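# Working through the structure, step by step
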Amino acid sequence: MDTSVTLANWRTPPNSAQSFHNVDKLVPVAAIKASNKVWPFTKKTLSLDGLVFNDQHGEERQLSDVLASTDTRGLVVLHRGRMVAEWYGGGYDGASPHIIFSVSKSLTGALTGVLVETGQLDPDSPVTKYIPEVDGSAYGDCLVRHVLDMTVSSSFVEEYVDLSGEYGRYRRATLWNPPLPGEEPVTLHDMLVTLSPGSVPHGQVFKYLSPNSDLLGWLVERASGKKFADLFSELVWKPLGAEADAYITVDAEGSPRAAGGICLLPRDLARFGEMMRLGGKGILPAGWIEDICSNGDSAAWQKGDFANLFPNGSYRSKWYQTGLASGAYCAIGIHGQWLWIDPSREVVIAKVSNQPDPENDDIDLMLIQAFEAIAEAVS
C-alpha cells in the first residue's frame, strides 16, 4: 500500500481504493482464524453485464454502469448455493480481506444468537447484569434487546464527517483516527461508559448509533469470557468453512470494533449469507434467524431516520428487514458494503465498495432496485 495513505486520509478517495483491503496496515487487528476445511462453491456463471433495470426514479439502468458508478470493488452472487456471478474491479482482486464497515454489526448480531441459544446471554436482561461499568450512562437502564435493536435512547450523534466532536472522539478511541495534539488518549470502553442518555424512553425509537454495536461486542466478550475474534472463529468462521482468515480492528486494549471493523473476503461474506439463508446450517440457531426475519418493531422503525430506505421495513438484532414482497433482509455498511439475502428467490448477494461518501441515500435506493433485479434474473 502507498505510504501516502495514513490514518488521517484512509477513508477518503483515492486512498480508500487501497486502504479498504489493507486495513491491517493502518489499525491494530485481531485474527479471526479459518479452518482448512473450505465450504466449496459449485459455479454456474451467468453474464449480468447486460442486465437492465429501472431505478427508484423509473430511469433505466445497466448493471455494469451501476457497478462502475458506485465504486464497486467486488460482487458475488449465489443462487441456491451456486456461484452464478463473481466480479472484481478498481484494483481489487478479491484475494485480500476487505473491510465491510457496518455489515460487521449484523455478523455480531448473528453471533449473539449462539450465546442466547446456549444461555450465556439473555436479551431481556439489563446491560448492567453483564457490564456494571455502564451504570449511569445511556446504557445504565436499558436492556440487551434495546442494544440489539438500536432502540437505545442516547444523546450521541452519528456524524461520520465529524473530526473534533463526540463522533471524532469515538473514532480516535477505536484507533481509526489519529490523536489530536495534547489529547489524553481514551479506550473504546472508556468512551462507551461516558455516553449520556437521550430524552425518550428506551425501546420506542430506532436510532442508529454505532457505539451500541461496540457495546454488543463488549457484551459478547463479557458473557462468553472469550475474546471476540477467538469466539467468532470458534463458533462461526471455522464451522462455516470460510476459505481465508478474517480480522477485526481493535483498540489499544484489544477491544473489538464490532460496529464496523470486520474485514473478510467477499466470497466468505457470501458464504455467511448463504448460511443465514439456509437457517444457520447448525452453526447459528434457526430460531434466532427466524426471529431476525419476522420480529422487527415496525413502529420504532417508522419513528427513526431510515424509514425512507425501507418504507415497510424494520430492524432486528442488527439486521434490516426490507418489507419487500421477496422477504429480503440485509446488512449494510457505509461506503457501499452490502449483504443481501432473498429467501424467496434463494439468492445471496455480497458487495464491497469504496464509495467516496459514507452515506448516499440515492445510491442506496438504486442498489436496492439493482439487487431485486439481480435476484430475479438469476433465479
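See above for the structure.
Quick caveat, the model's predicted, so the values are computed rather than measured. (Residues numbered from 1 in each chain as written. Predicted model: local features only at pLDDT ≥ 70, side-chain atom pairs only at ≥ 80, totals over all residues. Heavy atoms only, no water.)

Looking only at helices and strands, the protein has twelve helices and 14 strands in total. Relative to the compact-globule value of 21 Å for 379 residues, the protein shows a C-alpha radius of gyration of 19 Å, a close match. Dimensions along the principal axes, computed over C-alpha positions, put the protein at roughly 55 × 45 × 45 Å. With 379 residues in all, the protein has 59% of them scored as buried. Long-range pairs, those at least 24 residues apart, make up 67% of the contacts in the protein with a sequence separation of at least 6. With an accessible surface of roughly 14,200 Å², the protein has 49% of that area assigned to carbon and sulfur atoms. In the protein, 31 positive and 47 negative side-chain charges are present, and the distance between their average locations comes to 6 Å. (Helix = DSSP H or I, 4+ residues; strand = E, 2+ residues; numbered from the N terminus. Rg over C-alpha atoms; globule rule 2.2 N^0.38 Å. Buried < 20%, exposed > 50% of the residue type's maximum accessible area, 1.4 Å probe, protein only. Contact = heavy atoms within 4.5 Å. Areas by Shrake-Rupley, 256 points an atom, 1.4 Å probe, with all protein chains shown as cover. Lys, Arg positive; Asp, Glu negative; His and termini not counted. Charge placed at Lys NZ, Arg CZ, Asp CG, Glu CD.)

Across the seven residues of strand β14 (residues 347–353), seven count as buried, placing the element largely inside the fold. The alternating pattern of β14 places V347, I349, K351 and S353 and V348, A350 and V352 on opposite faces, both of which are buried. Where strand β5 (residues 72–79) meets β14, seven bridges bridge the pair, whose relative direction is antiparallel. Bridge pairing in β14 links V77 to I349. Pairing of strand β13 (residues 337–342) with β14, which is carried by five bridges, proceeds in the antiparallel orientation. Bridge pairing in β14 links D342 to V347. (Pairing = 2+ DSSP bridges.)

Here we come to unusual backbone geometry. Of note, the bond from P13 into P14 is cis; its omega dihedral lies within 30 degrees of zero at 0°. Counting through the fold element by element, P14 comes out in the segment before α1 (16–19). Residues other than glycine seldom take positive phi values, yet F101 does so here, at roughly 45°. Relative to the helices and strands, F101 resides in the loop between β7 (98–99) and α3 (103–117).

Here we take up the packing of α3 against helix α9 (residues 266–277). Look at α3 against α9: their axes get within 12 Å of each other, and the N-to-C directions meet at 45°. Relative to α9, the element α3 is oriented oblique. Helix-helix and strand crossings are classified by hand; for α3 and α9 the assignment is left-handed. Along its contact with α3, which presents V103, L107 and A110, the element α9 presents L269, F272 and M276. Split into classes, the residues belonging to the contact of α3 with α9 amount to six nonpolar, no polar and no charged. (Axes fitted to C-alpha atoms, helices over the stretch in contact; angles between N-to-C directions. Parallel < 35°, antiparallel > 145°, perpendicular 65-115°, else oblique. Left-handed = near helix turned anticlockwise from the far one by under 90°. Nonpolar A, V, L, I, M, F, W, Y, C, P; charged D, E, K, R; others polar.)

Quick look at the pattern of salt bridges now. The tally for this structure, following the rule as stated, stands at 21 salt bridges. Of the charged contacts in the structure, one is a salt bridge between E183 and R172, with a shortest N-O distance of 2.7 Å. Taken together, the residues E183 in the loop between α5 (166–173) and α6 (188–192) and R172 in helix α5 connect sequence positions eleven residues apart. On the basis of relative accessibility, which here comes to 30%, the residue E183 falls in the partly exposed class. Of the residues examined, R172 reaches a relative accessible area of 9% and is grouped as buried. (Salt bridge = Lys/Arg side-chain N within 4 Å of Asp/Glu carboxyl O.)

Take the sheet that holds strand β9 (residues 262–264) next. Ordered by their spatial adjacency, four strands build an open sheet running β1-β8-β9-β7, and the pairing between neighbours is antiparallel. The open sheet has two free edges, formed respectively by β1 (29–32) and β7, since each of these has just one partner strand. Relative to β9, β7 runs antiparallel, the two sharing two bridges. By the bridge assignment for β9, I99 is matched with C263. Lying over the sheet, helix α8 (residues 228–240) contacts β1, β8 (246–249) and β9, oriented at roughly 20° with respect to β1.

Below, the discussion takes up the pairing of β5. Counting buried residues along β5, eight of its eight residues qualify, which places the element largely inside the surrounding structure. Where β5 lies against strand β6 (residues 82–88), six bridges are found, and the strand directions are antiparallel. Directly across from V77, in β6, lies its bridge partner A85. Hairpin remark: β5 followed by β6, antiparallel, with two residues in the connecting loop; positive phi at R80, about 55°.

Moving on: the side chain of N212. With respect to the helices and strands, the residue N212 is situated in helix α7 (residues 210–224). Looking at N212, the relative accessible area reads 0%, which means it is buried. When sequence neighbours within four positions are dropped, the list of residues in contact with N212 reads Y139, V147, M150, V152, K207 and K318.

Helix length check: α3, at 15 residues, gives a terminal C-alpha distance of 22 Å against a target of 21 Å (1.5 Å per residue), a fit within 8%. Counted residue by residue, α3 has 13 buried out of 15 residues, so it is predominantly covered. Backbone geometry just after α3 places G119 at a positive phi near 80°. (Expected span 1.5 Å × (residues − 1).)

Purely geometric numbers; function is a separate question.
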